[in-house]
Amino acid sequence: MHIHILGICGTFMGGIALIARAAGHKVTGCDQNVYPPMSTELAEAGIEIMQGFGAEQLDCKPDLIVVGNVMKRGMPVIERMLNEKLPYVSGPQWLYEHYLKDKEVLAVAGTHGKTTTTAMLAWILEVCGRKPGFLIGGVPENFKQGARASDSPYFVIEADEYDCAFFDKRSKFVHYHPTVAILNNLEYDHADIFENLGMIKKQFHHLVRTIPGRGSVVVPSFDQNIADVLNMGLWSHKVIFGDDAGFNARLLNAEGSECELMYQGQVLGQFTLPCCGLHNVHNALAAIAAARCIGIEPMDAARALGSYKLPKRRLQLAAQKGGVQIFDDFAHHPTAVKATLDGLRAHVGPDCRIIAVFEPRSNSMKMGANSTALHSSFDSADEVLLYQGPAVHFDVKAAMAQCQKPCTVFTDFEALLDALKERLTGRCALLCMSNGSFNGLTSKLAAALQAA
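The rules we used
Numbering of residues starts from 1 in every chain and runs along the sequence as written. Local features are withheld for residues below a pLDDT of 70 in this predicted model, meaning they are given only at 70 or higher, and side-chain atom pairs are given and counted only at 80 or more; totals for whole chains, interfaces and linings count all residues. Excluded from the side-chain calculation are hydrogens and water; included are all heavy atoms of the structure. Remark: exposure states derive from per-residue accessible area (1.4 Å probe, protein chains only) relative to the maximum for the residue type, with buried under 20%, exposed over 50%, and partly exposed in between. Strands here are runs of E lasting at least two residues and helices are runs of H or I lasting at least four, both read from the DSSP assignment and numbered beginning at the N terminus. An arc is given here, and it is the one of the directions from the helix axis to the C-beta atoms. Any two residues having at least one pair of non-hydrogen atoms within 4.5 Å are treated as being in contact. What qualifies as a polar contact is a pair of N or O atoms within 3.5 Å, subject to a donor-acceptor requirement within protein and to the restriction that residues adjacent in sequence count only when both atoms come from side chains. What is meant by a nonpolar core is a set of buried Ala, Val, Leu, Ile, Met, Phe, Trp, Tyr and Cys residues, joined one to another through side-chain atoms within 4.5 Å. Paired strands, in this sense, are two strands between which DSSP finds at least two bridges. Note on definitions: angles span 0 to 180 degrees between N-to-C directions of axes, and those axes are lines fitted to C-alpha atoms, for helices only across the stretch in contact. Working definition: roughly parallel below 35 degrees, roughly antiparallel above 145 degrees, roughly perpendicular at 65 to 115 degrees, and oblique for all remaining angles. Put simply, a crossing is left-handed when the front helix is turned counterclockwise from the back one by less than a right angle, and right-handed when it is turned clockwise. Each residue receives one of three labels: charged for Asp, Glu, Lys and Arg, nonpolar for Ala, Val, Leu, Ile, Met, Phe, Trp, Tyr, Cys and Pro, and polar for the others, Gly being one of them.

## A short note on helix 13 (residues 413–422)
Stage number 1. For helix 13, every residue scored as buried is listed here: Phe413, Leu416, Leu417, Ala419 and Leu420. Taken end-on, helix 13 shows its buried residues confined to a sector of 165°, consistent with a single buried face.
Stage number 2. Where helix 13 is buried, its residues touch strand 20 (353–358), strand 21 (383–387), strand 22 (407–410), strand 23 (428–433) and helix 14 (441–451).
Stage number 3. One side-chain oxygen of the residue at the start of helix 13 lies 3.0 Å from the amide nitrogen of Glu414, identifying that residue as Asp412.

As structure tokens, then:
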């Protein structure tokens, strides 16, 4: 079958392309912005990519068009597809119907930590001999690729609540029909498609409705929004992490990299987690609990995490010289910003100066959603610098007025860059946070540091 994928260079659609190619299909695709690493990975798999969304690309006469959620009515390729009644489907629907329906799916959902936890779970299965297929919305350092097809009965997938396509506004994850689902946490996000938190809870409940009775839902003990979702109805096994009723961890050091694993109040053993922060301990507990649902012993899962590597842009050390460290992170929601900074503080200690640099870039943040919580997210930093780009539609300076740390808001990127270069002295950790490229800020600072 010849499959043509519209919007192929995103991590999700690119992953589908690689899985389809591995399954023996001819795969082509298009995107507006074709750039590495996804473009390189697709090219190496023999997948032809066309630039832009012109109607002429459908002259290749594909058997099926897979439509990504970046596609909109009015785009020439979409209008031709509809006018000529060509066969089309969303990415999540194609993935289920052509691949996942024959697998035992382990899905990881939640507002925060999806990529990290999915990568943890996939690595546990890999080390424990299950050799899973996977689709992860990032670049997992253990695998060096975001998607893999395999003959294993198990498939691990990052289960995003964002919508499927212009013609299917349900969350992607309702198509996956997992046997095991982690609901890691739930907060208001994606303000561009969800009007309120209740709408997101409803989508999570729709996911819960698709899990079979023999399946399991892995949930934290401490998230009231997840509890609200389960109160709407639960027909599967509930597995808890985060307190003595289920899986928990006792931290053996401040950053959480050494822990005792506990189950129902009993110590099972010690394990090492090569990352910092309480949020990553919780991610690990969720992955360990999910692995147990398919028969992997908890301590085997915990020991597997000793060789785990965080995905790219998850507190990634970009450069180091003298006492200065520059970190890059994907955090884009106030809760994620706080968790990342808290973890970094535990890692570097109280005597290291932390400079937090943040770009409100997600659709939600640009609209001002959650902006009232932003000022309190930086308590673990010593200084805060924010960039208010032209697409940001709220007053960042006003939102940060109650910040307890010295804070400067920049509307000129070059001025921000110059100010940061001046701060690359002494013992400090500079943390850049954005869910986009941040105009190459991290690499520019890394070059400046090495040149100093």
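## Focus: the nonpolar core
Stage number 1. Counting residues in hydrophobic clusters, the biggest one holds 50 residues, and the most contacted among them are Ile5, Trp94, Leu95, Leu135, Ile157 and Leu183.
Stage number 2. Here this core takes 7 residues from helix 1 (residues 11–22), the largest share from any one element.
Stage number 3. Setting aside residues up to four positions removed in sequence, Leu95 forms contacts with Phe12, Ile16, Ile19, Leu100, Leu135, Ile157 and Tyr176.
Stage number 4. Ranked by size, the runner-up nonpolar core spans 44 residues in total, among them Leu121, Tyr154, Val281 and Ile296.

## Looking at the sheet that holds strand 5 (residues 88–90)
Stage number 1. Pairing in this open sheet of 5 strands is parallel, and the strands run 3-2-1-4-5 from one edge to the other. Here the strands that pair on one side only, and so sit at the sheet edges, are strand 3 (48–51) and strand 5. Across this sheet, the average inter-strand angle for adjacent strands is 25°, counted without regard to direction.
Stage number 2. As defined by bridge partners, strand 1 (residues 2–6) adjoins strand 4 (residues 64–67) across 4 bridges and the pair is classed as parallel. Pairing of Leu6 across the sheet is with Val67, part of strand 4.
Stage number 3. Running over the sheet, helix 1 touches strand 1, strand 2 (26–31) and strand 4 and is turned about 170° from strand 1.
Stage number 4. Lying on the sheet, helix 4 (residues 91–98) is in contact with strand 1, strand 4 and strand 5; it crosses strand 5 at an angle near 95°.

## Points about the packing of helix 5 (residues 114–127) against helix 8 (residues 278–292)
Stage number 1. Contact geometry for helix 5 and helix 8: axes closest at 9 Å, N-to-C directions at 45°. Taken together, the axes of helix 5 and helix 8 lie oblique to each other. Note that helix 5 runs across helix 8; the crossing there is right-handed. Contacts between helix 5 and helix 8 pair Thr116, Thr117, Met120, Leu121 and Ile124 from the former with Asn280, Asn283, Ala284, Ala286, Ala287, Ile288, Ala290 and Ala291 from the latter.
Stage number 2. Class assignment of the residues belonging to the contact of helix 5 with helix 8 gives a composition of 9 nonpolar, 4 polar and no charged.

## Focus on the environment of Glu255
Stage number 1. Among the structural elements, Glu255 can be located in the loop between strand 15 (247–251) and strand 16 (258–263).
Stage number 2. Sequence separation between Glu255 and Arg345 is 90 residues; the distance between their C-alpha atoms is 8.2 Å.
Stage number 3. Not counting the four nearest positions on each side in its chain, Glu255 is found in contact with Cys275, Cys276, Gly277, Ala346 and His347.

## Considerations on the packing of helix 1 against helix 4
A pair of packed helices is captured by two measures, namely the crossing angle of their axes and the spacing between those axes.
Stage number 1. Between helix 1 and helix 4, whose axes approach to 10 Å, the crossing angle comes to 30°. Relative to helix 4, helix 1 is oriented roughly parallel. Where helix 1 crosses over helix 4, the handedness of that crossing is left-handed. Packed against helix 1, whose contacting residues are Phe12, Met13, Ile16, Ile19 and Ala20, the element helix 4 presents Gly91, Pro92, Trp94 and Leu95 at the interface.
Stage number 2. Split into classes, the residues belonging to the contact of helix 1 with helix 4 amount to 8 nonpolar, 1 polar and no charged.

## Some points on helix 3 (residues 76–83)
One full turn of an α-helix is made of 3.6 residues, so residues set three or four places apart face in the same direction.
Stage number 1. Of the residues making up helix 3, those classed as buried are Val77, Ile78, Arg80 and Met81. All buried residues of helix 3 lie within an arc of 165° about the axis, which places them on one face of the element.
Stage number 2. Tucked inside the fold, the buried residues of helix 3 contact strand 1, strand 4 and strand 5.
Stage number 3. Backbone geometry just after helix 3 places Lys85 at a positive phi near 50°.

Keep in mind that these numbers describe shape and distance, not what the molecule does.
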